[in-house]
Amino acid sequence: QVQLVESGGGLVQTGGSLRLSCAASGINLSSGTVGWYRQAPGKQRELVAFISSGGSTNYTDSVKDRFIISRDNAKNTVYLQMNSLKPEDTAVYSCNTRRLWGDYWGKGTLVTVSS
């Protein structure tokens, strides 16, 4: 059974940092692309960053130079280091990975940035 479990969310002040983790079981994260998504209240879900199986990374413009996505193959975990957080980063953050046979999501972790 495939499971993705996010952790690391919480309440932080503007300018602060958080590191989110996406830990997987039942699937090897390094064999596919893993994305971090977020959904703010009343808004559509958006792709924040992704890391490919080869290690290439990509970010949405609003988080470039502030967020860093990385992967620890030994721990089968993908991280999202979030720095210089802004109130507009407030959202539920979820990780996702897709294979030919399935599309897997975690339940998400809430990030709240206070002004």
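Residues numbered from 1 in each chain as written. Predicted model: local features only at pLDDT ≥ 70, side-chain atom pairs only at ≥ 80, totals over all residues. Heavy atoms only, no water.

Draft legend 1. Examining the nonpolar core more closely. Membership of the largest hydrophobic core comes to 28 residues, with the highest contact counts inside it found for W36, F67, L80, M82 and Y93. Where this core is concerned, the elements lending two or more residues are β3 (18-25), β4 (34-39), β5 (46-51), β7 (67-72), β8 (77-82), β9 (91-99) and β11 (109-114). Leaving out residues up to four positions away in the same chain, Y93 has contacts with E6, L20, W36, Y37, R38, V48, F67, L80, M82, G108, T109 and V111. (Core = buried A, V, L, I, M, F, W, Y, C linked by side-chain atoms within 4.5 Å. Buried < 20%, exposed > 50% of the residue type's maximum accessible area, 1.4 Å probe, protein only. Helix = DSSP H or I, 4+ residues; strand = E, 2+ residues; numbered from the N terminus. Contact = heavy atoms within 4.5 Å.)

Draft legend 2. Layout of the sheet that holds strand β1 (residues 3-7). Reading across from one edge, β1-β3-β8-β7 is the order of the four strands in this open sheet, with antiparallel pairing throughout. The sheet terminates laterally at β1 and β7, the two strands that pair on one side only. Along the sheet, successive strands turn relative to each other by an average axial angle of 15°, direction set aside. Sheet topology note: the β3/β8 ladder contains six bridges and is antiparallel. Bridge pairing links L18 to M82 in β8. (Pairing = 2+ DSSP bridges. Axes fitted to C-alpha atoms, helices over the stretch in contact; angles between N-to-C directions.)

Draft legend 3. Looking closely at the state of the cysteines. Taken as a whole, this structure holds one disulfide when the rule is applied. Between the sulfur of C22 and that of C95 lies a disulfide, 2.1 Å long from S to S. Taking the sign of the torsion about the S-S bond as the criterion, the disulfide between C22 and C95, at about 70°, is right-handed. Residue C22 is located in strand β3, and its partner C95 is located in strand β9; the two are separated by 73 residues in the primary sequence. With respect to class, C22 is no different from C95; both count as buried. (Disulfide = S-S within 2.5 Å.)

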